[in-house]
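This is what each chain is made of:
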Amino acid sequence: MKGPKPMTIVIKLGTSSIVDEKTHEPLLSILTLIVETAVKLHKDGHKVIIVSSGAIGVGLQRMDIEKRPKHLPRIQALAAIGQCRLMSLWDSLFGHLRQPIAQILLTRNDIADRTQYLNAQNTFAELLEMGVIPIVNENDTIAVTEIKFGDNDTLSAITAAMVHADYLFLMTDVDCLYDKNPRTHPDAQAIEVVEDIGALQADVSSRGSSLGTGGMSTKIVAARLATSAGVTTIITRSSNPGNIVNIVNYIQSTKVNTPGTNTPPVGVSPRKGVSSPLRSVEEPLARSTSSSSMFDGMKEVRVVPLHTRFLPSAQPIRDRYFWLLHGLAPHGTVYIDAGAHKALANKAGLLPVGVVDVDGNFAQQEAVRLVVVDRIPQSATTNSKLWEGTGVEVGRALVNYSATEIARIKGVKSEGIKDVLGYADSEYVALRENISFFERESRPATPSLEHTKITSGTV
């Protein structure tokens, strides 16, 4: 029987897992365990990437500053100070185990350009092929609000999608997601497996440390993004990094030992897509395996570490289509009617006749949101508004015309573009190859604060 296949695993560590929140001293005990875990995974044949926060925290410690400043240039300076010391620390720890590492610093601008995105993708592939463990962080030294990922949870999800990872581990200060806050509700139940994030009800009151930018809600956003790209996403406790190996081995063993079965994963309700807290915090998942230890004839109880696993999409969005959705920041909105949406679903391009309205100030070859609206018939229009309702965002597009040009040719047949503009660069507002749809409503749009509310839905 063939053994488990090698996997690509991305491990995301927050600042609270790397430095002490009060003293800003590196948490060497946790970092050492992370290094040992990563090297063990590598020796087992897996490819490993670490997304590491902590540069600003390490910078605070180096400069004896008690609190994270609010002034952006000061924060960027601390990031520059801390990043080199952080990488020196990683290199020293990995060096003891003779494991080479590499540094990759990214901003959203680095992946907004398709060529740079592919260059980054190729660099990751070559490093992994060489047996190197890349250490990834956002380039806080030059990043400003407009080009930031927002937090390293989002960066780790985009990295996982870029390398076609099998697993993304989001390490945090709790074991998993709970249906209620376990600190205040002793009866809180663990949520083990989530198939549809849109149906998830969970407590996300954990806000993250004073040094970091993330919290539990940002991990949900990252899980939405990563699972849409086909990446199994796992939330588990960072203080015991060895859990990663145990969880990977457990998932792989269930796949190897039960091929072709239709049994729902542990923790999944028979109702499709609904996350289910099936056991209490005090009842860890366990299974018995035979053991050849010195206790002859006894069974070894193998406890699977508590974690929440988000199952990947069955129809993942990858490569160029993922880049269109999540690598680019939209600069405006193009409103289309239901007929245009249906044509796009059938692989046609976006014609101006299907455009109802436009919003924003964008140029040619910039990304826009695509929103489907109900067109108001001209005979029923009493004002300048051409559509009604709130609209549904369905995807993103790179447009062939600017906002001003689209506003002039909306509703016009393609042969009439030249009459309106005096020229016609293309018969399409956007080519089909430059349009990407979200898989379904429960999957993510570009991560933002408005997507962090996840308490909707029923279980």
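Structure: above.
A short tour of the structure in this document, coming up. (Residues numbered from 1 in each chain as written. Predicted model: local features only at pLDDT ≥ 70, side-chain atom pairs only at ≥ 80, totals over all residues. Heavy atoms only, no water.)

1. Thoughts on the overall build of the protein chain
So, step 1. For the protein chain, the count of helices and strands is twelve helices and 18 strands.
So, step 2. Expressed as a percentage of its 459 residues, the buried residues of the protein chain come to 51%.
So, step 3. In the protein chain, the proportion of contacts linking residues at least 24 apart, taken out of those at least 6 apart, comes to 75%.
So, step 4. For the protein chain, the accessible surface area stands at approximately 21700 Å², while carbon and sulfur atoms represent 51% of it. (Helix = DSSP H or I, 4+ residues; strand = E, 2+ residues; numbered from the N terminus. Buried < 20%, exposed > 50% of the residue type's maximum accessible area, 1.4 Å probe, protein only. Contact = heavy atoms within 4.5 Å. Areas by Shrake-Rupley, 256 points an atom, 1.4 Å probe, with all protein chains shown as cover.)

2. Things to note about helix 5 (residues 114-129)
So, step 1. If you check helix 5, its first and last C-alpha atoms are 22 Å apart, about what 16 residues at 1.5 Å a residue would give, namely 22 Å.
So, step 2. Within the sequence span of helix 5, burial applies to Arg-114, Tyr-117, Ala-120, Gln-121, Phe-124, Leu-127 and Leu-128. Along helix 5, the residues classed as buried sweep out an arc of 160 degrees about the axis, all on the same side. Seen from the buried face of helix 5, the exposed residues on the opposite side, beyond 90 degrees, are Thr-115 and Glu-129.
So, step 3. Two residues or fewer past helix 5, Gly-131 is found with a positive phi of approximately 85 degrees. (Expected span 1.5 Å × (residues − 1). Arc of directions from axis to C-beta.)

3. Description of the sheet that holds strand 13 (residues 308-310)
Strand pairing in a sheet is mediated by backbone hydrogen bonds. Such pairs are either parallel or antiparallel.
So, step 1. Judged by pairing direction, the sheet is mixed, and its eight strands sit side by side in the order 3-4-2-1-5-9-13-8 without closing on themselves. Edge strands, defined here as strands with exactly one partner in the open sheet, are strand 3 (101-106) and strand 8 (193-194).
So, step 2. Sheet analysis places strand 1 (residues 8-13) next to strand 2 (residues 47-52), joined by six bridges and oriented parallel. Residue pairing across strands places Val-10 opposite Ile-49, the latter belonging to strand 2. (Pairing = 2+ DSSP bridges.)

4. Observations regarding the nonpolar core
So, step 1. By size, the foremost hydrophobic cluster in this structure holds 49 residues, and its most contacted members are Val-10, Val-136, Leu-168, Leu-177 and Phe-310.
So, step 2. Elements with a contribution of two residues or more to this core: strand 2, strand 3, helix 5, helix 6 (152-162), strand 5 (167-172), helix 7 (216-228) and helix 9 (319-327).
So, step 3. The next biggest cluster of nonpolar side chains, apart from the first, holds 36 residues, and it includes Ile-11, Ala-38, Ile-234 and Val-248. (Core = buried A, V, L, I, M, F, W, Y, C linked by side-chain atoms within 4.5 Å.)

5. Brief notes about the sheet that holds strand 17 (residues 387-398)
So, step 1. Here five strands make up an open sheet; going across it, the order is 15-14-16-17-18 and the pairing mixed. Since the sheet does not close on itself, it has two edges, and those belong to strand 15 (355-360) and strand 18 (435-437), each with one partner. Neighbour-to-neighbour, the strand axes of this sheet turn through a mean angle of 35 degrees, independent of strand direction.
So, step 2. In the sheet, strand 17 pairs with strand 18 via three bridges, with the strands oriented antiparallel. Following the sheet pairing, Ala-397 is matched in strand 18 by Ile-435. (Axes fitted to C-alpha atoms, helices over the stretch in contact; angles between N-to-C directions.)

6. Examining the pattern of salt bridges
So, step 1. The full count for this structure, using the stated rule, is eight salt bridges.
So, step 2. Arg-237 is paired through a salt bridge with Asp-175; the nearest N and O atoms lie 3.0 Å apart. Separated by 62 residues along the polypeptide, Arg-237 in strand 9 (residues 232-237) and Asp-175 in the loop between strand 5 and strand 6 (177-178) bring together distant segments of the chain.
So, step 3. Asp-187 is paired through a salt bridge with Lys-180; the nearest N and O atoms lie 2.8 Å apart.
So, step 4. Look at Lys-180 and you get partly exposed, because its relative accessible area is 29%.
So, step 5. Here the salt bridges share partners, and the residues they tie into one network are Lys-12, Asp-153 and Lys-219. (Salt bridge = Lys/Arg side-chain N within 4 Å of Asp/Glu carboxyl O.)

7. A word on the environment of Trp-387
So, step 1. Counting through the fold element by element, Trp-387 comes out in strand 17.
So, step 2. When the C-alpha positions of Trp-387 and Arg-375 are compared, they lie 4.4 Å apart, and in sequence the two are twelve residues distant.

8. Re the environment of His-307
So, step 1. With respect to the secondary-structure elements, His-307 resides in the loop between strand 12 (299-303) and strand 13.
So, step 2. In this structure, the C-alpha to C-alpha distance between His-307 and Asn-243, residues 64 residues apart in sequence, is 8.9 Å.
So, step 3. Apart from residues no more than four positions distant in its own chain, His-307 is found in contact with Asp-175, Cys-176, Ile-191, Glu-192, Ile-234, Ile-235, Thr-236 and Ile-247.

9. Observations regarding the packing of aromatic side chains
We describe a pair of aromatic rings using the distance from one ring centre to the other and the angle between the two ring planes.
So, step 1. Summed over all chains, the structure comprises three aromatic pairs.
So, step 2. Summarising the aromatic geometry, the rings of Trp-90 and Phe-94 are spaced 6.0 Å apart at their centres and angled 35 degrees between planes, so their arrangement reads as tilted. Of this pair, Trp-90 and Phe-94 both sit in helix 3 (residues 72-95), separated by four residues, roughly a single helical turn.
So, step 3. With a centroid separation of 6.3 Å and an interplanar angle of 45 degrees, the aromatic rings of Tyr-167 and Phe-169 are classed as tilted.
So, step 4. Residue classification places Tyr-167 among the buried residues on the basis of a relative accessible area of 1%. (Phe/Tyr/Trp six-rings, centres within 6.5 Å; stacked < 30°, edge-to-face > 60°.)

10. Re the pairing of strand 14 (residues 332-336)
So, step 1. Of all five residues that make up strand 14, five are buried, and the element is covered over most of its length.
So, step 2. Along strand 14, one buried face is formed by Gly-332, Val-334 and Ile-336 and the opposite face, lined by Thr-333 and Tyr-335, is buried too.
So, step 3. Inspection of the sheet shows strand 14 paired to strand 15 by five bridges, in the antiparallel sense. When the sheet's bridge partners are listed, Tyr-335 is paired in strand 15 with Asp-357.
So, step 4. Here strand 14 runs beside strand 16 (residues 367-375); their pairing, made up of four bridges, is parallel. Considered in strand 16, the bridge of Tyr-335 is made with Val-371.

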